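Fold and geometry: a report
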Amino acid sequence: MSKTGGESKLSMLIRAGCEGAKKALELAQNGVGEVIRNKGEETRFGYPETAYGLPILYAFEGLEVKKISDVVPVLEKMKNEILKINSKELIGVSDGLELGKATLYAAEVIEALKYIENERAYEAPITGFVPDAVLRKLGVSLVDDTIPGVAVFFGKGSDVKGLLHMIRECQEKGMLIMACMDVIEQLKSENIALGIERMLYPLGGLTAVIHAVNFAVRAGLSFGGIKKGQEEEMLNYLKKRVKAFVVHLGVVNEVVAAVALGALYCGIPIITDCDLPELDKLVVVEKDATKVIGTAIDLKGIKIRLTKVPIPVPYGPAFEGEIIRKKDAYLEAGGTRSISFELVRMNDNTIDGKIEIIGKDVDEIPFGSTIPLGIVVDVAGKKMEKDFESVIERRIHIFLNYAEGIWHAGQRNLNWIRMSKSAVEKGLRLKHIGDILISKFRSEFSGVISRVQVTIITDEEEVKRRLPEALAIYSERDKRLSGLTDETVSTFYTCLLCQSFAPDHVCIVTPERLGLCGAINWLDAKTSYEITPTGPNQPVEKSDVIDEKKGSFKGINQVVMEKSHGKVEEINLYSMMDKPMTSCGCFECIVAFVPECNGVMIVNREYSGDTPTGMKFSTLAGTVGGGVQVPGFMGIGRQYITSRKFISGDGGLGRIVWMPKMLKEGIKDKFEERAKELGLDGLMDKIADETIGVRPEEVLEYITKKEHPVLKMPPMI
Ligand code: SF4
Ligand code: ZN
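Residues numbered from 1 in each chain as written. Chains lettered and ligands numbered in written order. Predicted model: local features only at pLDDT ≥ 70, side-chain atom pairs only at ≥ 80, totals over all residues. Heavy atoms only, no water.

A look at the environment of Lys567
Mapped onto the elements, Lys567 comes out in the loop between helix H17 (554-563) and strand E20 (589-594). A distance of 3.1 Å separates a polar atom in the side chain of Lys567 from a polar atom in the side chain of Asp504. (Helix = DSSP H or I, 4+ residues; strand = E, 2+ residues; numbered from the N terminus. Polar contact = N/O pair within 3.5 Å; in protein donor to acceptor, adjacent residues only side chain to side chain.)

Comments concerning the sheet that holds strand E12 (residues 406-409)
Two strands in a sheet stick together by hydrogen bonds in their backbones, pointing the same way (parallel) or opposite ways (antiparallel). Strand order in this open sheet of four strands is E10-E7-E13-E12, and the pairing throughout is mixed. In the strand order of this sheet, the two ends are held by strand E10 (369-371) and E12, each with one partner. In this sheet, neighbouring strand axes are inclined to one another by 15 degrees on average, regardless of whether the strands run parallel or antiparallel. Here E12 runs beside strand E13 (residues 416-420); their pairing, made up of four bridges, is antiparallel. In the sheet register, His408 faces E13, and the bridge partner there is Ile417. (Pairing = 2+ DSSP bridges. Axes fitted to C-alpha atoms, helices over the stretch in contact; angles between N-to-C directions.)

Some points on the nonpolar core
Grouped together as the largest cluster of nonpolar side chains are 201 residues, with contacts concentrated most on Phe45, Val71, Val109, Phe153, Ile656 and Phe671. Not counting residues up to four positions away in its chain, the partners in contact with Phe153 are Leu163, Met166, Ile167, Cys170, Ile177, Met178, Ala179, Cys180, Val183, Val247, Leu249 and Ile293. Counting 42 residues, the second largest nonpolar core, distinct from the first, contains Met384, Phe388, Ile392 and Phe399. (Core = buried A, V, L, I, M, F, W, Y, C linked by side-chain atoms within 4.5 Å. Buried < 20%, exposed > 50% of the residue type's maximum accessible area, 1.4 Å probe, protein only. Contact = heavy atoms within 4.5 Å.)

Notes on the packing of aromatic side chains
Counting across every chain of the model gives 16 aromatic pairs. Joined through ring pairs, the aromatic side chains of Tyr47, Tyr115 and Phe129 make up one cluster. (Phe/Tyr/Trp six-rings, centres within 6.5 Å; stacked < 30°, edge-to-face > 60°.)

Quick notes on the side chain of Asp524
By the element assignment, Asp524 lies in helix H16 (residues 522-531). Discounting residues that sit within four places of it in the chain, Asp524 has contacts with Val391, Arg394 and Ala519.

Some points on the coordination of the zinc ion (ligand 2)
When four donors bind a metal tetrahedrally, each ideal donor-metal-donor angle is 109.5 degrees, and when six bind octahedrally, the ideal angles are 90 or 180 degrees. Protein coordination at the zinc ion (ligand 2) comes from Cys498 (SG), Cys584 (SG) and Cys586 (SG), with a distance range of 2.0 to 2.2 Å. Of note, the zinc ion (ligand 2) draws all its donor residues from one chain, in the sequence arrangement C-x85-C-x1-C. Of the two residues, Cys498 is situated in the loop between strand E15 (491-495) and strand E16 (507-509) and Cys584 in the loop between H17 and E20; the sequence distance between them amounts to 86 residues. With respect to burial, Cys498 and Cys584 carry one shared label: buried. (Donors = N, O, S within 2.8 Å, 3.2 Å for Na, K, Ca; no water.)

Notes on the domain arrangement of the protein
Taken as a whole, the protein is organised into domain 1 (3-300), domain 2 (317-482) and domain 3 (491-712). Computed over C-alpha atoms only, the centres of domain 2 and domain 3 are separated by 33 Å. The partner domain 3 presents nine residues to the 14 residues of domain 2 that form the contact. Between domain 2 and domain 3 the total buried area reaches about 920 Å² when both faces are included, carbon and sulfur atoms providing 58% of it. On the domain 2 side of the interface with domain 3, the three residues burying the most area are Lys383, Phe388 and Val391, jointly 39% of the side's total. The interface formed by domain 2 and domain 3 contains two salt bridges. (Domains from an automatic or database assignment. Buried area = accessible area lost by both parts, 1.4 Å probe. Salt bridge = Lys/Arg side-chain N within 4 Å of Asp/Glu carboxyl O.)

Considering a negative patch on the surface
A contiguous patch of negative charge, built from Asp669, Glu672, Glu673 and Asp681, is present on the exposed surface. Mapping Glu673 onto the fold places it in helix H19 (residues 661-677). (Patch = residues over 30% accessible without salt bridge, like charges linked within 9 Å, V, L, I, M, F, W, Y side chains within 5 Å. Areas by Shrake-Rupley, 256 points an atom, 1.4 Å probe, with all protein chains shown as cover. Lys, Arg positive; Asp, Glu negative; His and termini not counted. Charge placed at Lys NZ, Arg CZ, Asp CG, Glu CD.)

Brief notes about the site of ligand 1
As a matter of local geometry, ligand 1 sits amid Val140, Cys495, Leu497, Cys498, Cys507, Gly515, Leu516, Cys517, Ile520, Cys584 and Cys586. Partitioned by chemical class, the residues of the shell around ligand 1 number ten nonpolar, one polar and no charged. (Near = heavy atom within 4 Å. Nonpolar A, V, L, I, M, F, W, Y, C, P; charged D, E, K, R; others polar.)

Some words on the pairing of strand E4 (residues 244-249)
Burial of E4 is extensive: six of the six residues sit out of reach of the surface. Residue alternation in E4 divides its side chains into two sets, Ala244, Val246 and His248 and Phe245, Val247 and Leu249, and both sets are buried.

Side note on the packing of helix H4 (residues 93-113) against helix H10 (residues 254-265)
Packing of H4 against H10 leaves a shortest axis separation of 7 Å and a crossing angle of 105 degrees. Compared by their axis directions, H4 and H10 come out roughly perpendicular. Contact with H4, carried on its side by Gly96, Leu97, Leu99, Gly100, Lys101, Thr103 and Leu104, involves Ala258, Val259, Leu261, Gly262, Leu264 and Tyr265 of H10 and no other residues of that element. Classifying every residue of the contact of H4 with H10 gives eight nonpolar, four polar and one charged. (Parallel < 35°, antiparallel > 145°, perpendicular 65-115°, else oblique.)

Have a look at this one:
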């Protein structure tokens, strides 16, 4: 390698990285040695709430780390690699990448060591390791480009203003942000809200950047169908499917250089404000803070879907999780404290862009008020259908929550809204609810809506006068929906959204079985097809019935076969035991066979404890996902549990023997109703939960005592 120009700079970087990798590895080995000396070789080792132990070692080495001594050989191997590279006269890019890999392994171990004493190694809002459940929850937003990409900030911004500019830019584009090192303190000092719910994860110090990498790696493992040890496939996945980049700010020391090499090993590009050697599409120097994010977005080919909304406060998914406390609320409406409702209705007389306020706006409303509120959105468009009203109306929730300073919960006449004092100080008014809804509905539903008009009513008499009309529309919709069954329609829909992560996964969405993410039901899919006829939701004719009970149709099988690229030949829509539908990774719940009880258990993503299968949700999820059929296990949307078609081919609702208490509580009413319909009154009480036991024997004892109907059912296999 020559000693001039970029190359020499590059080899200097790699040399520095070599020193850094050595240091990191030494630190890891020393830490591991100390644990072995003090606590023994068998000491449990791995991150909490994940199915993958140490995800990076799992993915690249095929190593299922369970105890501390499991990592000794691989660290030793990496050390020898480094020594070998170190002794070379000339170091090339491939050596650099190898060093990067060694650094990743070291950082993964160093961070995991922090969890030996304590499952909570970091104090909130610092996240440290991000649990699998968070990744799965983000699933759909990541695949439909609501979250267009992940920006990892790393280092220390030379000026806070520039840093803030970049962060705001990412937030306005809806990016997921991760931050490490001094950047975190800098953001804190500027009162930027940090945390999982704000889509701005403060990961921790220098080595904590590994949590961005193991997050990306787990996307490949949980959605991409990549198996442990498939290094090449994983690297490919990271390069092609993971839309992440690193923004490095500040100085480069040896360890930073080593970590940078680690990012490059994974194909994650780095935009830096330092004089690093540029590498085609991988390392780009950009010192102008206003250009950094744009450069990164171009580099990674990230698509931004978010439209700019004309309001005086920031707007984007980053603010969705914002909570406004009563004392910080300038005003609130609904939530049983006042009369309120929200309604989307099809109306040919819609005047596009018109916002009308009937009653007072914020300026005439005193601080701390509880006000009556009606929000009526009139929409019109050639392809608009009555059926789409509810789909569109449900989006009010998310579109309002995206505004910093507006909090929205519930729906219909059970909605609840708060507007914060600080937002009002920035100029936010009720009229802006109209601006938000008009611009979002226009952009998100452009295929079906050509005109939008919003009426905001704060006059109590007028709200009261209009409420009955809204109630009538709601109940008419409900009636129509409950009549919508798999038998009454001839067309189902595919959903291929998750293929950007799980390339062979196909969801078939039917009136009685919604997508496993819980976010797409049949009407949603139908609407989305009308809006984007070439989009991820395509109509499928059921055509000939092969097996009615199990839900096998010729037309469906053909499409599944084609869309899964030949990987899945047939599916039974209503069976989990025989050719079940595949799962991507973002399922809300998992149904699993419990052979001891001749029944099934269901666990929801939020429940992190043990289950009768002997596996926690995270471990189970690891076996279910990735777009393959796994008889006996299936990812489902929560609402499918109370559908008439819930594993009806395997015996249906009466098969359920265990669910976490929180899940039972959450679906209780609908569940009882369905059970009654099936002549299984009181079924909920016969279903065990974690307070009764998590071992199959305990569940069996309980259901026997309770005379659970499953005891009289034929064997499941
Ligand atoms: Fe993904 Fe299926 Fe949900 Fe579509 S319906 S977003 S494919 S999980
Ligand atoms: Zn999915």
